[in-house]
Amino acid sequence: MDIPALVAAAARGDQSAWDALVRQFSGLLWSIARAYRLSDADAADAVQCTWIKLVEHLDRIAEPERLAGWLSTTARHECLQLLRRSGRLPEPAEEIADSPDPAPGVDHELLTRERDTALWRVFEELPDRCRRLLRVLMASPPPAYADVALALDMPVGSIGPIRQRCLGKLKALVGGNELLEERS
Amino acid sequence: MNDDDFLDVLRAAADEFDPVPAGVLRDASAALALRTLDAELAELVEEEALVRGDGPLTLAFESARVTVSLEISDDVVRGLVTGAEGEAVVETPRSRRAVPITDGWFIATEVPPGLVRIRVTTSDGTPVVTQWVRR
């Protein structure tokens, strides 16, 4: 089923259609919340509120084919509201160091793990503007630029150039490609 | 490595180090049950929030026959209702609690943080529910 059909089915109470939407877009919503540097609890709150707002609007979504955009915009509002309520606008720099510990017990061979761990650490230290954009672009499945633009309130035309600049910055920080070239 | 490949590596790292928590997916799935097919929706018509956190949040909702005004201060929700009587049900995504409406007023304490909405019943028995608001 395509997205409008899933929305219509979910509006009729079809749980499996709803779950398909949840599978499709949860990665994007979580990435948006993390892009705004929300904590585990606040990110979970922002994502859940976005889904609840969708439930409330299920039979009133004007353009269901653009649901990803609607969700991105709603998630941005939820994130900014949470940050504003906790007096955290603009985002504090000290949270940069607050990257999560690597999850244990993944079936990766050690070397790959070390590379990914190092890469993730460096990523978390990127300047905020770069980190924010890249974190949304890292969503699974990959989001459309139009939806990224809505999530971050940026012009859609600026995403490509900023992406290029930020990936370049990250590559330089990772240093000498030693970590990365082996992956390709 | 070109940019697209590099972003794929980053995406794999994000999936490993910052995946969507299982509880977030469960809550998202459960959210469909919060649909209110039976009820008339009272829409938010006015919101006055203090930008700096402290102090009450005041909100006004209207449906065809009902108005609900809320004042939310910490975990206390005070409401003034016209067009409905009996009790007000204070709903959060995980809880619901009925409190009596007396002369149009109700009060609920220890309301959990996060989203909240109010459900009331008109004198002819029509359920009315407000939009969700964050307390």
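All values derive from a computational prediction rather than experimental measurement.

(A) Representation of the overall build of chain A within the structure. Counting its regular elements, chain A contains eight helices and zero strands. In chain A, of all internal contacts separated by at least 6 residues, the share reaching a separation of at least 24 is 67%.

(B) The interface of chain B and chain A, seen in detail. Each partner contributes to the interface: chain B provides 35 residues, whereas chain A provides 43 residues. Within the residue set of the side of chain B that touches chain A, elements represented by two or more residues are helix H1 (3–17) and helix H2 (22–30) of chain B. Ranked by residues supplied to the side of chain B that touches chain A, first place goes to H1(B) with twelve residues. Class assignment of the residues belonging to the side of chain B that touches chain A gives a composition of 20 nonpolar, five polar and ten charged.

(C) Region of interest: the environment of B:Asp124. One can find B:Asp124 in the loop between strand S8 (115–122) and strand S9 (127–130). Distance from B:Asp124 to B:Val99, taken between C-alpha atoms, is 19 Å for residues 25 residues apart in sequence.

(D) Local environment of the confidence of the model for chain B. Residues and elements named next belong to chain B. Averaged over all residues, the pLDDT of chain B equals 90, while 96% of them reach at least 70. When pLDDT is averaged over each helix and strand of chain B, the minimum, 85, is found for strand S10 (residues 133–134) and the maximum, 97, for strand S7 (residues 105–108). Prediction confidence for the complex, expressed as pTM and ipTM, is 0.83 and 0.82 respectively.

(E) Fine view of helix H7 (residues 145–152) of chain A. All names here are of chain A. Counting buried positions along H7 yields six of eight residues, so the element is predominantly enclosed. Looking at H7, one finds that the buried residues are Asp147, Val148, Ala149, Leu150, Ala151 and Leu152. Downstream of H7 by one or two residues, Asp153 has phi in the positive range, about 55°.

(F) Fine view of the nonpolar core. Counting 74 residues, the largest nonpolar core has A:Leu29, A:Ile32, A:Ala33, A:Ala46, A:Val47 and A:Val136 as the members making the most contacts within it. Built from parts of two domains, this core gets at least three residues from each of domain 1 (1–35) and domain 2 (38–134) of chain B. Apart from the residues within four sequence positions on either side, A:Val136 is in contact with A:Ser31, A:Ile32, A:Ala35, A:Pro143, A:Val148, A:Ala151 and A:Leu152.

(G) Just the pairing of S9(B), in detail. Residues and elements named next belong to chain B. Relative to S9, strand S1 (residues 40–48) is paired through three bridges, and the arrangement is parallel. Within the sheet, the bridge partner assigned to Glu40 lies in S9 and is Val128. One ladder, built from three bridges, connects S8 with S9; its direction is antiparallel. Pairing of Arg119 across the sheet is with Val129, part of S9.

(H) Molecular detail of the packing of helix H8 (residues 156–174) of chain A against H1(B). H1(B) packs onto H8(A) with a crossing angle of 65° between their chain directions and a minimal axis gap of 11 Å. Judged by the angle between their axes, H8(A) and H1(B) are roughly perpendicular. Judged by the sense of rotation from one axis to the other, the crossing of H8(A) with H1(B) is left-handed. Along its contact with H8(A), which presents A:Gln164, A:Leu167 and A:Lys171, the element H1(B) presents B:Asp3, B:Phe6 and B:Leu7. Tallied by class, the residues present in the contact of H8(A) with H1(B) amount to three nonpolar, one polar and two charged.

(I) Fine view of the packing of helix H2 (residues 15–35) of chain A against helix H3 (residues 40–57) of chain A. All names here are of chain A. Between H2 and H3, whose axes approach to 9 Å, the crossing angle comes to 135°. It follows that H2 is oblique to H3 by the angle criterion. In terms of crossing hand, the pair formed by H2 and H3 is right-handed. Contact residues: H2 offers Ser26, Leu29, Trp30, Ala33 and Arg34, while H3 offers Ala43, Ala46, Val47 and Thr50. Looking at side-chain class alone, the contact of H2 with H3 contains six nonpolar, two polar and one charged residues.

(J) Region of the structure containing the confidence of the model for chain A. Of the residues in chain A, 82% reach a pLDDT of 70 or more, and the chain-wide mean stands at 85. Low pLDDT (under 50) marks residues 90–108 of chain A, which in the prediction has 17 contacts with non-local residues, meaning those over four places away or in another chain.

(K) Highlighting the pairing of strand S3 (residues 67–73) of chain B. Residues and elements named next belong to chain B. Side chains of S3 alternate between two faces, with Val68, Leu70 and Ile72 buried and Thr67, Ser69, Glu71 and Ser73 left unburied. Note that strand S2 (residues 57–62) and S3 share six bridges and pair antiparallel. Looking across to S3, one finds that Leu57 is bridged to Ile72. If you look at the hairpin formed by S2 and S3, you'll find four residues sitting between the two strands. Taken together, the seven bridges between S3 and strand S4 (residues 76–82) define a ladder with antiparallel strand orientation. Counterpart to Ser69 in the pairing with S4 is Leu80. Two successive antiparallel strands, S3 and S4, enclose a turn made up of two residues, where Asp74 displays a positive phi of approximately 50°.

Rules used throughout
- Residues numbered from 1 in each chain as written.
- Chains lettered and ligands numbered in written order.
- Predicted model: local features only at pLDDT ≥ 70, side-chain atom pairs only at ≥ 80, totals over all residues.
- Helix = DSSP H or I, 4+ residues; strand = E, 2+ residues; numbered from the N terminus.
- Contact = placed C-beta atoms within 7 Å.
- Nonpolar A, V, L, I, M, F, W, Y, C, P; charged D, E, K, R; others polar.
- pLDDT = per-residue confidence, 0-100.
- Buried ≥ 20, exposed ≤ 12 C-beta atoms within 10 Å, placed from the backbone.
- Core = buried A, V, L, I, M, F, W, Y, C linked by C-beta atoms within 7 Å.
- Domains from an automatic or database assignment.
- Pairing = 2+ DSSP bridges.
- Axes fitted to C-alpha atoms, helices over the stretch in contact; angles between N-to-C directions.
- Parallel < 35°, antiparallel > 145°, perpendicular 65-115°, else oblique.
- Left-handed = near helix turned anticlockwise from the far one by under 90°.

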